[in-house]
Amino acid sequence: MKKMLFLACWVSLLLTSCSMEKKSDLGIKHFYVIGVDAMSVEGLKQASTPNMDKLIENGAVCYHVRTVQPSSSSPNWGSMLMGAGPEIHGNSSNDWRSDNYSLAPAAITDYGMFPTVVSVVKAQKPEYKVGMFYHWDGFGALFEKGVADVDKTFPTERETAEAYADYIKSEKPEFIFSQFDDVDHYGHAYGHMSPEYLGAISRVDSLVGVIVKATEEAGIADETAIMVVADHGGIGDGHGGTTLEESTVPFILCGKGIKKGFEIPVEVYMYDVAPTITYALGLNEPYAWRGKAICCAFEGESVPVNPLPIKHLTNDVKINGGRQGQAQAGGLFVDQEAKVEIASSIPGARIFYTTDGSIPSERSMEYTGPFTVDKTCVVRAKSYNPEGESVVTDAYFRIVKNNPANGLKVSFFAGKDWESVPVLTGEKAVDQWTSKEVNIDEERVAQNVEKYSNNFALIFLADLLIEKEGVYTFYLQSDDGSILYIDGKQVVNNDGNHGVIEKEGRIQLSAGKHDFKAVLVNVMGGYWIDTFYKGPGIPKQIIPADKFNIR
């Protein structure tokens, strides 16, 4: 027993020593981070970004960096700085502060918070000049105060970038971390992937050019590495959920010691940012961190070999162009067939699909060109290429006959500082209309938001037709909270202030009509709701219009 204990302690010490071993000198004397809030992979690819394109061409890029959950700003910027996830550092929402949290950090320094890359750099290199420049003032709560030589927020992105550039030219600092916020604002105001959102990415790209030029004017470009990172993506006008559009972001490295024209093939996570910074600067990382340096992006480093075959999953298949805002791919087609087009962004990839809701494989139908569907169905598609395969992409096609009796009654209630789904007994709706399915009438809701408040609730009421007795699973996707009732019984509770997330519940139902009620609350910002069901002979799908009767 004593020998086993001694061996365990020796291994523990060895592991600790390995994790603290100083990295080799890469000759990188300056490391500058440019953080772009809410820049998605598709946003980077579709926006005009000549400066970031040049960094990618002359450096390394990863298009599949996975965020932590929730996919919102504070937990992800915090994870970048702290080299660990929310379950370790405790930052799980935008309301988090070092003195205001639900989950205590696993460890703290003398500064009273989990160690960030700012204090790690200063502890080992106190002579290094360190700057923190940020547009969103909330970013300033995510690292230790009184540590960085410059710690300042600015009212605009332009002022942030100009101060960043001036600091480089005047002081030639060793380390800077920055945050630019406008892309996130435009994502919320106009929708992710909207022309306005892409325009915001193009404008921040021009600021990347300002910072790169500053390193040249300072005469330090040949000894500087630049990192461009994002904290989350988005769908529609929201984020914080678990979709890949929200939870996958790009990552760029360029400059001294970085491979050129290299696409990073390994998995990269949000908390790998801090260890990559310390690796580049030749510093030790705290044992408390859980991220890994992306070593293979640096010159002289090889791609690690996995001990077992691992396939990297891409998110490249789109059915009919993919989601339109937050709306699911597919659509409602009244008195007409639907044309189905499937595309992959990977040259030479083979696409396979199903129309019965089953998971496609290489034994399924291979896509060779557009086809039509004449009845309600779920089209699922997946691509295969020599390097791997994609995740399954779903599209929900609802093919129905025109029937004025089909649909739901929708009621709009003006909010009273609601933080969750309200009890609306006695409350009077300020507007009512009908909807073919459970979804947001953007124009009608926008009119009421302008007239009343962005804090509101919607109630959807109808008779739901169940054609076959059995156990049914209902699903609610919503931003923010929602609750679903069948025959007065709560079946799904997806309440709370959050991005688009999904919850489910099950209920035994007889054939015939049942009372259906869905309630959505919008606490603030963006809003959305979708309802799905699955039952005997019915794959999971959006509940189609012909199953609802107005009452």
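Keep in mind it's a predicted model, so treat the numbers as computed, not measured. (Residues numbered from 1 in each chain as written. Predicted model: local features only at pLDDT ≥ 70, side-chain atom pairs only at ≥ 80, totals over all residues. Heavy atoms only, no water.)

### Let's talk about the packing of aromatic side chains
Put simply, the rule reads: Stacked, tilted and edge-to-face pairs are distinguished by plane angle, under 30 degrees for stacked and over 60 for edge-to-face with tilted covering the rest, among Phe, Tyr and Trp rings (Trp via its six-membered ring) whose centres lie within 6.5 Å. The way it works is that DSSP assigns letters per residue, a run of H or I at least four long becomes a helix, a run of E at least two long becomes a strand, and they are numbered from the N terminus. Each residue is assigned to one of three classes by its accessible area relative to the maximum for its type, calculated with a 1.4 Å probe on protein chains only: buried under 20%, partly exposed between the two thresholds, exposed over 50%.
This model, assessed by the stated rule, comprises 24 aromatic pairs. Between Tyr32 and Tyr164, the ring centres sit 6.3 Å apart and the planes meet at 85 degrees, which makes this aromatic pair edge-to-face. Taken together, the residues span a long stretch of sequence, with Tyr32 in strand β1 (residues 30–36) and Tyr164 in helix α7 (residues 157–171) at a distance of 132 residues. Taking 5.0 Å as the distance between ring centres and 25 degrees as the angle between the ring planes, the aromatic pair formed by Phe412 and Phe456 counts as stacked. Of this pair, Phe412 sits in strand β20 (residues 408–414) while Phe456 sits in strand β22 (residues 456–466), and the two are 44 residues apart along the sequence. Note on Phe412: relative accessible area 0%, which makes it buried. Residue class for Phe456 comes out buried when judged on its relative accessible area of 0%.

### Notes on the pairing of strand β6 (residues 224–230)
How we decide: We treat two strands as partners when DSSP finds at least two bridges between them.
Most of β6 sits out of view: 7 of its 7 residues are buried. Of the two faces of β6, both are covered, the one formed by Thr224, Ile226, Val228 and Ala230 as well as the one formed by Ala225, Met227 and Val229. Two elements, β1 and β6, share 7 bridges in a ladder whose sense is parallel. Its bridge partner being in β6, His30 is matched across the sheet by Thr224. Bridging between β6 and strand β7 (residues 248–255) involves 5 bridges; their strand directions are antiparallel.

### Some remarks on empty space enclosed by the protein
Short version of the rule: A pocket, in this scheme, is an open set of points on a 1 Å grid over the protein atoms alone with protein on both sides within 12 Å along at least 5 of 7 lines, while a cavity is a set where a 1.4 Å probe fits but cannot get out; residues line either one if an atom lies within 4 Å of a point. Grid points are joined across faces, edges and corners, and a volume is the space filled by probe spheres set on the points. The classification used treats Ala, Val, Leu, Ile, Met, Phe, Trp, Tyr, Cys and Pro as nonpolar, Asp, Glu, Lys and Arg as charged, and all other residues, Gly among them, as polar.
Tallying each qualifying case throughout the model produces 2 cavities of 30 Å³ or more. The volume enclosed by the largest cavity comes to roughly 60 Å³. Lining of the largest cavity is provided by Val334, Val400, Lys401, Asn402, Asn403, Asn406, Lys436 and Ala545. Across the lining of the largest cavity, the residue classes tally to 3 nonpolar, 3 polar and 2 charged. Quantified by volume, the second largest cavity comes out at close to 40 Å³. If you go around the second largest cavity, the residues you meet are Val65, Val229, Ala230, Val249, Pro250, Phe251, Val268, Tyr269, Met270 and Val273. For the lining of the second largest cavity, the elements supplying multiple residues, two or more each, are β6 and β7. Broken down by element, the lining of the second largest cavity gets its largest block of residues, 3 residues, from β7. In the lining of the second largest cavity, the residues fall into 10 nonpolar, no polar and no charged.

### Overview of the layout of surface pockets
Size it by volume and the second largest pocket reaches roughly 720 Å³. Top contributing element to the lining of the second largest pocket by residue count: helix α8 (residues 182–190), with 3 residues. For the lining of the second largest pocket, the per-class residue count stands at 3 nonpolar, 15 polar and 6 charged.

### Side note on the environment of Ile258
We count it as follows: Contacts: residue pairs with any heavy atoms within 4.5 Å of one another.
Of note, Ile258 is situated in the loop between β7 and β8 (262–263). Each C-alpha atom, one on Ile258 and one on Glu337, is 52 Å from the other, the two residues being 79 residues apart in sequence. Not counting residues up to four positions away in its chain, the partners in contact with Ile258 are Gly59, Ala60, Leu253, Ala297, Phe298 and Glu299.

### Focus: the environment of Lys172
Looking at the secondary structure, you find Lys172 in the loop between α7 and β5 (175–180). Along the primary structure Lys172 and Ile220 are separated by 48 residues, whereas in three dimensions their C-alpha atoms are 7.6 Å apart. Ignoring sequence-local partners within four residues, the contact set of Lys172 consists of His30, Tyr32, Tyr167, Ala218 and Ile220.

### Focus: the nonpolar core
Grouped burial of nonpolar side chains is what soluble globular proteins tend to show. Condition: As used in this record, nonpolar core signifies buried Ala, Val, Leu, Ile, Met, Phe, Trp, Tyr and Cys residues forming a set joined through side-chain atoms within 4.5 Å.
Counting 96 residues, the largest nonpolar core has Phe31, Phe139, Phe177, Phe251, Ile264 and Ile277 as the members making the most contacts within it. If you tally residues by element for this core, the top one is helix α9 (residues 195–217), at 9 residues. Of all hydrophobic cores here, the second largest spans 35 residues; its members include Tyr472, Val492, Ile507 and Tyr527.

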